[in-house]
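Chain by chain, the residues:
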Amino acid sequence: GSSSEYGPTDHATAEDTLLKPVDYYQGTKAAATMMCQGWARQFNLPIWIARPYSVYGPRERPHRLFPNLYRAFVHNEPMTLYQGYHDFIYIDDFVRGIDLMLQTWDLAPGDVVNFGSGVQTSNFELLNIFEQVTGRTAPVSKVTEFHKAFETSVWVCDTSRAHEEYNYYIEYTLSQGVAEFLNKAHYPCTT
């Protein structure tokens, strides 16, 4: 699944938040979840939906935010950074959550579990974290408007269910995750 299924909201999203997709990407993700839930419940199948928020880590596709920041800080490549808000979760925390979900959690067919940090971070705050972790600045031009029509000033996971029912907490702060990302990633210069 994807946190995109919820569409824009004005609050942290929980597993029971109504899905309101506003574009085809969000709509296809929501439709896939509903199809999986229908099959799981009709045929009592062990199908569950992991709904991640903004997962980041080494080996991301090169056009995404973290690889662009990597090239800006490591290769001094200019980039434009638009305002945006995310709930970032490091890939190792997400994978650990999937493992726990599959091996130890008692989930009903079609059940959904959100995976996020529960902390909202703006793109500009993320830039500051990259500066703190690397100890340097990068050629980044900031644009205070959103880049995409569906973006909102609230994009954060309500982690209550993962915490209360499964005692699941992330192990990487965003600063720790950025340090790991910079240590493990390799994106060649594109200019």
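Please refer to the structure placed before this passage.
Note that the structure is a prediction, hence the values are computed from the model and not measured.

Is there a simple way to explain empty space enclosed by the protein in this structure?
Rolled over the atoms, a probe sized like a water molecule indicates the empty space that remains. Evaluated as defined, the whole model comprises one cavity of 30 Å³ or more. If you add up the space inside the largest cavity, you get close to 40 Å³. Forming the walls of the largest cavity are Ser3, Tyr6, Gly7, Thr9, Thr13, Tyr53, Val154, Trp155 and Val156. Of the residues in the lining of the largest cavity, the class split is five nonpolar, four polar and no charged.

Just checking my understanding: could you explain the pairing of strand S6 (residues 112-115) for this structure?
One face of the sheet, then the other: side chains in a regular strand alternate in exactly this way. Burial along S6 is two-sided: the residues Val112 and Asn114 and Val113 and Phe115 are all buried. For strand S1 (residues 49-52) and S6, the ladder comprises four bridges, and the chain directions are parallel. Looking at the pairing, Pro52 lines up with Phe115 of S6.

Teacher, can you tell me more about unusual backbone geometry here?
Note on backbone geometry: most residues besides glycine have negative phi, and most peptide bonds are trans. The phi dihedral of Asn44 is positive, around 50 degrees, even though this residue is not glycine. Along the polypeptide, Asn44 turns up in the loop between helix H1 (24-43) and S1. For Asn44, a relative accessible area of 59% puts it in the exposed group. A positive phi angle is found at Asn76, which is not glycine, with a value near 60 degrees. Mapped onto the elements of the fold, Asn76 is located in the loop between helix H2 (65-74) and strand S3 (79-83).

Looking at this model, I keep getting lost on the environment of Leu65. Mind explaining?
Within the secondary structure layout, Leu65 lies in helix H2. Looking at Leu65, the relative accessible area reads 22%, which means it is partly exposed. Sequence-wise, Leu65 and Pro21 are 44 residues apart; in three dimensions their C-alpha atoms are separated by 22 Å. Sequence-distant contacts of Leu65, defined by excluding residues within four places in its chain, comprise Met79, Leu81, His86, Phe88, Asn123 and Leu126.

Calculation notes
- Residues numbered from 1 in each chain as written.
- Predicted model: local features only at pLDDT ≥ 70, side-chain atom pairs only at ≥ 80, totals over all residues.
- Heavy atoms only, no water.
- 1 Å grid on protein atoms, 1.4 Å probe; cavity = no way out; pocket = protein on both sides within 12 Å on 5 of 7 lines; lining within 4 Å.
- Points joined across faces, edges and corners; volume = space filled by probe spheres on them.
- Nonpolar A, V, L, I, M, F, W, Y, C, P; charged D, E, K, R; others polar.
- Buried < 20%, exposed > 50% of the residue type's maximum accessible area, 1.4 Å probe, protein only.
- Helix = DSSP H or I, 4+ residues; strand = E, 2+ residues; numbered from the N terminus.
- Pairing = 2+ DSSP bridges.
- Contact = heavy atoms within 4.5 Å.

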